[in-house]
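Commentary on secondary and tertiary structure
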Amino acid sequence: MDISYIINELAEDRENYFNAIAPPIVQSSNFAFKSVDEMRNAFADEYSTYLYSRGLNPTVDILRKKLAALDNAEDCLVFNSGAAAIFAAVLANVKSGDHIVSVNKPYTWAQKMFKDILPRFGVTTSYIDGRDIENFERAILPNTTVIYLESPNSWDYAIQDLKAVAELAKAENIVTIIDNSYCTPIYQKPIDFGIDLTLQSATKYIGGHSDTVAGVLSGSKKMITRIFNSEYMNIGSGISPFNAWLLIRGLRTLPMRLERITQTTEVILQYLKQHQKVEAVLFPFDESFSQYELARRQMKGACGLLTFIIKADTVGQIEKFCNNLQHILMAVSWGGHESLIIPKCAGLPAAHFNPLNKEHRMLRLYIGLEEPDYLIKDLAQAFEII
Ligand SMILES: *Cc1c(COP(=O)(O)O)cnc(C)c1O
């Protein structure tokens, strides 16, 4: 399907709403029936009728059809956070006594689920370095039901060979789930490599304006229907019609925002690489990246997020650098219009800072829609101060 068609036309039956260009926000919790028979049919199969907006909603459906098409998936569900999409995807595929193989350091709340929630129900998780396929083979146990991936990782950009992992998992009857937030379906379509379920935080690039929290989960019709009728309805964490409308709006400009961010990221990357106060830069599409070839093979693009290791002897120098940025904001998240920075040292007590540990000197930069020179000037003056 043509991407322009998906973004501008797919699922928009404008004759049904006054030929309005922008879709309506159907802000209704419930839907009426003309006969008992119609109501009975809806009760029997809520996934085929508008009954109650915790289930299906017409505005959300427009968004779902577009997002599933972008993922090359048969179907998808949209949640009111990426974390809810992660939770539903995993919960739907484990039972007491099962085992999960996860890549190292997935998204924080995936880690918390594996560590704090699932063990209460007898589900255990092993972490592996997903850069080597043999680590998956070694970690799989007879009771492994899920392989959890995040490629690239959103701090160190570690990548998994998606095709190889999908083949291995299929042979062992294991469900594969990937967090595809970094790439979005524009730059990587995991379903095409044989991955079962792909999810992303739509808070990031899909929303694109730092004003909505949402998550997408895509997969086969069979799997998504099962999740709808169980975890989705029970967790009750579906996206609201208004937030769905904001995401449809975000989608209109997604490809051009990514294109722009990709160009600017390349400029900033080159600036940082030559800077004397920068020890190293991590970015999947940089030739020095340890998995550069695999990144090029399975990703159509990389953008926005990069990590650099600053030369510093004290935590105070890093703090000074960040505190003195005038335009780049210090905040979590990414994917919006505004450039952002997070120093790794903000996650540890200042007294624990060890300059010999490169991780402690990592700064993650997100490149937004500003002019490249504007960002470089901001970085340059902050480097000057330290
Ligand atoms: C932000 C993020 C999430 C969680 O998404 P929310 O919308 O914040 O719940 C999951 N994975 C990655 C990689 C993220 O960056």
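Residues numbered from 1 in each chain as written. Predicted model: local features only at pLDDT ≥ 70, side-chain atom pairs only at ≥ 80, totals over all residues. Heavy atoms only, no water.

A short note on the site of the ligand
We apply this condition: Any residue with a non-hydrogen atom lying within 4 Å of a molecule or strand is treated as near it. Definition of a polar contact: a pair of N or O atoms within 3.5 Å, with one able to donate and the other able to accept a hydrogen when the atoms are protein atoms, and with sequence-neighbouring residues admitted only if both atoms are side-chain atoms. Every accessible area reported is derived by Shrake-Rupley at a probe size of 1.4 Å, with residue values counting cover from the shown protein chains alone. Ten residue types, Ala, Val, Leu, Ile, Met, Phe, Trp, Tyr, Cys and Pro, are classed as nonpolar, four, Asp, Glu, Lys and Arg, as charged, and the remainder, Gly among them, as polar.
The environment of the ligand is formed by 14 residues, the closest being Ala-83, Asp-179, Ser-201, Thr-203 and Lys-204. In the model, an oxygen atom of the ligand is placed 2.8 Å from a nitrogen or oxygen of the Ala-83 main chain. A distance of 2.6 Å is found between a nitrogen atom of the ligand and a side-chain nitrogen or oxygen belonging to Asp-179. Coverage of the ligand by the protein chains reaches 90% of its 380 Å² of free accessible surface. A per-class count over the shell around the ligand returns six nonpolar, five polar and three charged.

Structural notes on the sheet that holds strand E4 (residues 144–150)
Rules: Note on pairing: two strands pair once DSSP finds at least 2 bridges between them. Only DSSP runs of H or I covering at least 4 residues are called helices, and only runs of E covering at least 2 are called strands; the numbering of each starts at the N terminus. Axis geometry follows a simple rule: fit a line to the C-alpha atoms, using only the stretch in contact for helices, then measure angles between N-to-C directions, giving values from 0 to 180 degrees. The contact criterion used is simple: two residues touch if any of their non-hydrogen atoms lie within 4.5 Å.
Spatial ordering of the open sheet is given by E1-E7-E6-E5-E4-E2-E3, a layout of seven strands whose pairing is mixed. Each end of this open sheet is capped by a strand with a single partner; those strands are strand E1 (75–79) and strand E3 (124–128). Averaged over all adjacent pairs, the angle separating strand axes in this sheet is 20 degrees, with direction ignored. Note: strand E6 (residues 197–201) against strand E7 (residues 215–219), four bridges, orientation antiparallel. When the bridges of E7 are listed, Leu-199 appears paired with Leu-217. Seen against the sheet, helix H4 (residues 82–91) touches E1, strand E2 (99–103), E4, strand E5 (175–179), E6 and E7 and runs at an angle of roughly 160 degrees to E6. Sitting on the sheet, helix H9 (residues 221–235) is in contact with E1, E5, E6 and E7, with an inclination near 30 degrees to E1.

Digging into the sheet that holds strand E8 (residues 278–282)
Taken in spatial order, the five strands line up as E8-E9-E12-E11-E10 in an open sheet, and their pairing is mixed. Each end of this open sheet is capped by a strand with a single partner; those strands are E8 and strand E10 (329–330). Bridge analysis of strand E11 (residues 340–343) against strand E12 (residues 362–366) gives four bridges, and the strand direction is antiparallel. Bridge pairing links Pro-343 to Leu-363 in E12.

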